[in-house]
Amino acid sequence: MHEKWDYTGDSVGHRPRFNIVCPYCNEPMAMRSSRLRRIMRKDGEFIPTNCIGYKCPTCAVVRRWNVAIRPSEFDSILAQRGGNDVYYPPIEEWTEDDRIAQQLEALGYFGGRRDDFVIRED
Ligand SMILES: [Zn+2]
């Protein structure tokens, strides 16, 4: 459907056919979120989209692409997510990169590595 994004057939939904690189750091960015949305046009028709976010592991900038998708893709992705419109990659995948783990820790999320996940009490 989209010339720049491929349908993956899983709960992520879509992946780019191009490299997503931070414009500030020249680093590959990591996929961080995907949200299914229906955007209403002026004529009242709803367009299904997948809003996909990537984050830079170095400077933390986030960029989002709002990709128009087929209604069948929307329905399939939503069903695979158990009705959740939002998908986040498992935290174990985020924290494979130490820089992202450190950012998460600095933002008050769980500790850096999967084995270290501790809910902070302070
Ligand atoms: Zn960056």
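Residues numbered from 1 in each chain as written. Predicted model: local features only at pLDDT ≥ 70, side-chain atom pairs only at ≥ 80, totals over all residues.

## Examining the overall build of the chain
Applied cut-off: Labels follow the DSSP assignment, with helices taken as runs of H or I lasting at least four residues and strands as runs of E lasting at least two, numbered in each case from the N terminus. Residues are called buried when their C-beta atom has 20 or more other C-beta atoms within 10 Å, exposed when it has 12 or fewer, and partly exposed otherwise; all C-beta atoms are positioned from the backbone. The contact criterion used here is simple: two residues whose C-beta atoms, placed from the backbone, lie within 7 Å are in contact.
Helices and strands together make up the secondary structure of the chain, namely three helices and six strands. Starting at the N terminus and walking to the C terminus, you meet the elements of the chain as β-β-β-β-β-α-β-α-α. The 122 residues of the chain split such that 16% are buried. Here the contacts in the chain between residues at least 6 apart in sequence split such that 43% fall between residues at least 24 apart.

## Topic: helix α1 (residues 71-80)
Residues spaced three or four apart along an α-helix face the same direction, because each turn holds 3.6 residues. The test is simple: Our arc is simply the arc of the directions from the helix axis toward the C-beta atoms.
The set of residues buried in α1 consists of Glu73, Phe74 and Ile77. Each buried residue of α1 lies within a common arc of 100 degrees when the element is viewed along its axis, so the set occupies one face. Structural note: α1 exposes Pro71, Ser72, Asp75 and Ala79 on the side pointing more than 90 degrees away from its buried face. Where α1 is buried, its residues meet β1 (5-7), β3 (30-40) and β4 (46-55). Looking one or two residues beyond α1, the residue adopting positive phi is glycine 82, at roughly 65 degrees.

## So, the pairing of β3
Keep this limit in mind: If DSSP finds at least two bridges between two strands, the strands pair.
With ten bridges joining them, β3 and β4 adopt antiparallel strand pairing. Following the sheet pairing, arginine 37 is matched in β4 by threonine 49. The turn joining β3 and β4, which pair antiparallel and follow one another in sequence, is formed by five residues; a positive phi near 90 degrees is taken by glycine 44. Taken together, the two bridges between β3 and strand β6 (residues 86-87) define a ladder with antiparallel strand orientation. Residue arginine 35 lies in a different strand from β6, and its bridge partner there is valine 86.

## What about helix α3 (residues 98-106)?
Here α3 has its buried residues at Ile100, Ala101 and Gln103. Down the axis of α3, the smallest arc covering the buried residues is 160 degrees, so these residues share one side. Opposite its buried face, α3 presents the exposed residues Asp98 and Ala106, each directed more than 90 degrees away. Once α3 ends, the next one or two residues include glycine 108, with phi positive near 95 degrees.

## A look at the sheet that holds β4
The strand order across the open sheet built from four strands is β5-β4-β3-β6, with neighbouring strands paired in antiparallel fashion. Every other strand in the sheet has two partners, leaving β5 (62-68) and β6 as the edge strands with one partner each.

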